[in-house]
Amino acid sequence: MSGPRAVTFGELMLRLSPPGPERLFQSPELRTGFGGCEANVAVGLAHLGVPAEYVTRLPDNAIGHAAVHALQAEGVGTGSIALGGASERMGIYFVEPGADIRASRVVYDRAGSAFAAITPQTVDWAKAVRGAAWFHGSGITPALGEGPRESLTAAIAAARAGGVRISLDLNYRPALWQGREPRAVIEPLVKGADLLIGNRDAVRVMLGIEAPDDSLAQRLAERYGCRHVSASEHGWSAALYDTSSGGVWPSRRYQVRVVDRVGGGDSFAAGLIAALAAERDPADAVQFAAAAGALKLTIPGDWNRATPQEIEQLVRACT
């Protein structure tokens, strides 16, 4: 699959994980990697053949440079990444993948990161989104502080001014909001989005909307003027609401032996963006996206390296 250029924006972090199914610090070994929901989407898009540019702010040191090189190795554009001071730090998260009945666990250490110091003036947003067909952000970014919040607001404003399609994944993280009310922050970002992604709990907390599963997406679309709304359902499945037709299309449900759950939702988002950008019909788009996310669950690390051919094969096999 190929398509016009997409731009994503958010915090990239250093990921540290024990080998295999071990618990954190069961052994002295930790494996390094990089991730973060918007970066995960950019990598997923690049592997689907969609040119993807990632925007963030990183420290100007060996760790920041390694992160840039890792993105470049996945085919992601890094020309709009801003570098801060050499003494600044990169956010870190520790991932214990879990196994069988033991759930995965994530511990964050991201306070005072280089990304937290970003401002709307750090990035020339008109230039960053110029010529793009799609811009993607998430509800994590505005929870990270005033600078990230204002930067996402500026990015979305530039995208709207440039006629760029916009998607937002609510991605509610209670620990990041620390008791703050997210609704006043999130609602202006959601209005007019071409694609809104979120589960029922995120919608309730971040937008104050409660409705039965079969009408929630339609209510969101009507209230905020969103063209498409996607909500996750029980197990590994999702549904997509399309405003133009008023139809709701569910994906099939996948039973997956999970290797690494981190990044599954981001891979779903990348698959959905790629399919909608290619003007695939909603029923087809949600099946492709759900299969992309399901395949990611079988791949260690944050990043989905499944090919379009593998995803299409899974869709056909389950038809």
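A brief structural summary.

Rules and cut-offs
Per chain, residue numbering runs from 1 following the sequence as it is written. Local features in a predicted model are, by the rule used here, given only for residues with pLDDT of at least 70; side-chain atom pairs are given and counted only at 80 or more, and totals for whole chains, interfaces and linings are based on all residues. With hydrogens and water excluded, all non-hydrogen atoms of the structure serve as input to the side-chain values. In this analysis, axes come from line fits to C-alpha atoms, helices being fitted only over the stretch in contact, and the angle between any two N-to-C directions falls in the range 0 to 180 degrees. Strands are runs of DSSP state E lasting at least 2 residues, helices are runs of H or I lasting at least 4, and numbering of each runs from the N terminus. In this scheme, roughly parallel covers angles under 35 degrees and roughly antiparallel covers those over 145, while 65 to 115 is roughly perpendicular and the rest are oblique. Throughout, a crossing is termed right-handed when the near helix is turned clockwise from the far one, and left-handed when it is turned anticlockwise from it by less than a right angle. Residue contacts are defined here by distance: any two heavy atoms, one from each residue, within 4.5 Å place the two residues in contact. In this count, Pro and Cys sit with the nonpolar residues alongside Ala, Val, Leu, Ile, Met, Phe, Trp and Tyr, while Asp, Glu, Lys and Arg are called charged and the others, Gly among them, polar. Per-residue accessibility, obtained with a 1.4 Å probe over protein chains only, is compared with the maximum for each type, and a residue is labelled buried under 20%, exposed over 50%, and partly exposed between these values. Pairing between strands is defined by DSSP: at least two bridges between the two strands are required. Centres within 6.5 Å are what make two rings of Phe, Tyr or Trp a pair, Trp counting through its six-membered ring; a difference in plane orientation under 30 degrees is then read as stacked, over 60 as edge-to-face, and the rest as tilted.

**Points about the packing of helix H1 (residues 37-47) against helix H9 (residues 264-277)**
For the pair H1 and H9, interaxial distance at closest approach is 8 Å and the crossing angle is 50°. Comparing the axis directions of H1 and H9 gives the class oblique. Of the two possible hands of crossing, H1 and H9 adopt the one that is right-handed. Contacts between H1 and H9 involve Cys 37, Asn 40, Val 41, Gly 44 and Leu 45 from the first element and Asp 266, Ala 269, Ala 270, Ile 273 and Ala 274 from the second. For the contact of H1 with H9, the residue count by class is 7 nonpolar, 2 polar and 1 charged.

**What to know about unusual backbone geometry**
One non-glycine residue, Phe 25, lies in the positive phi region at around 65°. You can see Phe 25 is positioned in the loop between strand S2 (13-17) and strand S3 (31-35). The exposure class assigned to Phe 25 is exposed, which follows from its relative accessible area of 55%. A positive phi angle is found at Glu 279, which is not glycine, with a value near 65°.

**Some thoughts on the sheet that holds strand S14 (residues 247-250)**
In spatial order, the strands read S4-S1-S9-S10-S11-S12-S13-S14; together these 8 strands make up an open sheet with mixed pairing. Strands at the two margins of the open sheet, each flanked by one partner only, are strand S4 (52-55) and S14. Adjacent strand axes in the sheet meet at a mean angle of 15° when their direction is disregarded. Sheet analysis places strand S12 (residues 228-232) next to strand S13 (residues 238-242), joined by 5 bridges and oriented antiparallel. Counterpart to Ser 232 in the pairing with S13 is Ala 238.

**Thoughts on the packing of aromatic side chains**
Each pair of aromatic rings is reported with the distance of its centres and the angle of its planes. Taken as a whole and judged by the stated rule, the model has 5 aromatic pairs. A ring pair is formed by Phe 9 and Trp 125, whose centres lie 4.9 Å apart and whose planes are at 80°; its orientation type is edge-to-face. Here Phe 9 is found in strand S1 (residues 6-9), whereas its partner Trp 125 is found in helix H3 (residues 125-129), with 116 residues between them in sequence. Relative accessible area serves as the criterion here: at 0%, Phe 9 is assigned to the buried category. Ring geometry for Tyr 93 and Tyr 108: centres 6.2 Å apart, planes at 20°, overall stacked. Of the two residues, Tyr 93 sits in strand S7 (residues 92-96) while Tyr 108 sits in strand S8 (residues 105-109), which places them 15 residues apart along the sequence. Exposure remark for Tyr 93: the relative accessible area of 3% places this residue in the buried category. Note on Tyr 108: relative accessible area 39%, which makes it partly exposed. Counting every residue linked through ring pairs, the aromatic cluster contains Phe 9, Phe 115, Trp 125 and Phe 135.

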